[in-house]
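Breakdown of the fold
Here is how the chains run, residue by residue.
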Amino acid sequence: RRAATKPGIRRAAVHCSTAGAARAPSRGRVRFPTLAARDFQHSEDAAATASLRSFWPIESAIRTLILPVIEEATFLDNIASGVLVGPDQLPSLHAALVEACAILGVGDKVDLYVKNNPFPNAYTLAIDGRRPFIVVHSALLDLLTPEETQAVLAHELGHIKCEHGLWITVANVLALAADAFSPRAGAAVSAALLRWRRAAELSCDRAALLVSQDPTIALSVIVKLTGGSVSLRGELSVDAFLRQVQRFDQSAATRVGSALSNSQTAALTHPLPILRAAELNRWASGEQYRALVSSAKRRQAALG
């Protein structure tokens, strides 16, 4: 599963900065040791996952028979063609991953690999199996600040925590079965699967925010992966992109604009970047996010 990861904040003149060093574990961010996937999942993502749990025989077969083979194959590919990050190999990246895992309550068994690739991207198999991993491309590290890179790692950890890879595989099996029964039914299931995959990306954008705990950082990832360049990245403005969201909303509010917007999105596995920014901005100022952070702060204060 590939994540194009990666393609509001109500502050004035907020820009995506290129300065900064690897983020230290301090900075006053809270942790969510008891965080469950349902605590941050988008409603469509949570509903689809809950529905698929009823197909537990298929889930069990995939989890025990198919995914271990895929995990082993991807491990061999990653270990042979990537740089395995660790305390003595790209230690600042390792520290960012360890901290992100601790904040999201993921555990410490996730491997991180860097691969040389000119396309800024990150991806994961998105299962919490024997060998969970994240791969980041070298171009992503060149484009983003350390804080933004950690937000991308958090996005991928969100996929692992939700086990999107497992449930998407279950859904694909059901789509094939539906198509064999009726091509029309198969097309309907496939369209529903794409809608769910787009919602799953929104869930993981929320995981990125839970780790950064700064909407500017999470949003600047979307902006940079939408239209950033290494030479001009310091001139990109999150605020200006959010004003662009308003222009999109105005155009999409018309009958023609709505139809065109839906046609733009229908065949995509990821939401349009402008929609991702709008959704993340809403969640950042919403009650669910505030409640999660407030609850974590109270728990942290009680523990001293």
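Cut-offs used in this document
Residues numbered from 1 in each chain as written. Predicted model: local features only at pLDDT ≥ 70, side-chain atom pairs only at ≥ 80, totals over all residues. Heavy atoms only, no water. Axes fitted to C-alpha atoms, helices over the stretch in contact; angles between N-to-C directions. Helix = DSSP H or I, 4+ residues; strand = E, 2+ residues; numbered from the N terminus. Left-handed = near helix turned anticlockwise from the far one by under 90°. Contact = heavy atoms within 4.5 Å. Nonpolar A, V, L, I, M, F, W, Y, C, P; charged D, E, K, R; others polar. Buried < 20%, exposed > 50% of the residue type's maximum accessible area, 1.4 Å probe, protein only. Parallel < 35°, antiparallel > 145°, perpendicular 65-115°, else oblique. pLDDT = per-residue confidence, 0-100. Pairing = 2+ DSSP bridges. Phe/Tyr/Trp six-rings, centres within 6.5 Å; stacked < 30°, edge-to-face > 60°. Lys NZ or Arg CZ within 6 Å of the ring centre and 35° of its normal. Polar contact = N/O pair within 3.5 Å; in protein donor to acceptor, adjacent residues only side chain to side chain. Patch = residues over 30% accessible without salt bridge, like charges linked within 9 Å, V, L, I, M, F, W, Y side chains within 5 Å. Areas by Shrake-Rupley, 256 points an atom, 1.4 Å probe, with all protein chains shown as cover. Salt bridge = Lys/Arg side-chain N within 4 Å of Asp/Glu carboxyl O. Expected span 1.5 Å × (residues − 1).

This part covers the packing of helix α1 (residues 43–52) against helix α6 (residues 164–181). How two helices sit against one another is set out by the angle between their axes and by the gap between those axes. Packing of α1 against α6 leaves a shortest axis separation of 10 Å and a crossing angle of 65 degrees. Crossing of α1 over α6 shows left-handed handedness. Taking contact as the criterion, the partners of D45, T49 and L52 in α1 are, on α6, H164, W167, V170, A171 and L174. Considering only residue class, the contact of α1 with α6 consists of five nonpolar, two polar and one charged.

Moving on: the environment of V170. For V170, the position within the fold is in helix α6. For V170, a relative accessible area of 0% gives the class buried. When the C-alpha positions of V170 and E59 are compared, they lie 6.1 Å apart, and in sequence the two are 111 residues distant. The contact partners of V170, leaving out residues within four places of it in the chain, are L52, F55, I58, E59 and I62.

Moving on: the packing of helix α2 (residues 56–81) against α6. Relative to each other, α2 and α6 sit at 115 degrees, their axes nearing to 10 Å. Judged by the angle between their axes, α2 and α6 are roughly perpendicular. In this structure, the crossing between α2 and α6 has a hand that is right-handed. Contacts between α2 and α6 involve I58, E59, I62, R63 and L67 on the former and, on the latter, L166, W167, T169, V170, V173 and L174. Across the contact of α2 with α6, the residue classes break down as eight nonpolar, one polar and two charged.

Take the confidence of the model for the protein chain next. Of all residues in the protein chain, 91% have pLDDT values of 70 or greater, and the mean over the chain is 88. Low confidence marks residues 1–26, where pLDDT is under 50. Its contacts with residues over four positions away, or in another chain, come to 99 contacts.

With that out of the way, let us pick up the pairing of strand β3 (residues 111–115). Summarising burial for β3: four of the five residues are buried, a large majority. Pairing between strand β2 (residues 83–84) and β3: two bridges, direction antiparallel. Bridge pairing links L84 to Y113 in β3. Here β3 pairs with strand β5 (residues 133–137) via five bridges, running parallel. Bridging across to β5, Y113 finds its partner in V135.

Moving on, we get to the packing of aromatic side chains. The relation between two aromatic rings is expressed through the spacing of the ring centres and the mutual angle of the planes. Tallying each qualifying case throughout the model produces one aromatic pair. Over the aromatic face of F75 sits the side chain of R131, whose NZ or CZ is 3.8 Å from the ring centroid.

For H42, the location among the structural elements is in the loop between β1 (2–3) and α1. In this structure the side chain of H42 is engaged in a polar contact, spanning 3.1 Å, whose partner is the backbone nitrogen of E44. In contact with H42, not counting residues within four places along its chain, are A199, L202, S203, R206 and E279.

Attention now goes to a nonpolar patch on the surface. Residues L65, I66 and I70 make up a contiguous nonpolar surface patch of roughly 270 Å² in combined accessible area. For I66, the location among the structural elements is in helix α2. Judged by relative accessible area, I66 falls into the partly exposed class, the value being 41%.

Attention shifts here to helix α11 (residues 273–284). With twelve residues, α11 should cover 16 Å at 1.5 Å per step; its first-to-last C-alpha distance of 16 Å lies within 8% of that length. Of all twelve residues in α11, nine are buried, a share of seventy percent or more. Within α11, burial applies to I274, R276, A277, A278, E279, L280, N281, W283 and A284. Residues of α11 that are buried in the fold lie against α5 (146–162), α7 (183–212), α8 (215–227), α9 (238–252) and α12 (287–302).

Bringing the pattern of salt bridges into the picture now. For the structure shown, the criterion picks out eleven salt bridges. Salt-bridge contacts for R63 lead to E163; the nearest nitrogen and oxygen are separated by 3.1 Å. Taken as a pair, R63 in helix α2 and E163 in the loop between α5 and α6 lie far apart in primary sequence, 100 residues in all. With relative accessibility at 31%, the residue R63 sits in the partly exposed group. For D77, the salt bridge identified is with K115, shortest N-O distance 2.8 Å.

Relative to the elements of secondary structure, H159 occurs in helix α5. Judged by its relative accessible area of 1%, H159 falls in the buried class.

Quick look at the environment of Q244 now. Within the fold, Q244 resides in helix α9. Assessed through its relative accessible area of 40%, Q244 is described here as partly exposed. When the C-alpha atoms of Q244 and I274 are compared, they prove to be 7.8 Å apart, with 30 residues separating the residues in sequence.

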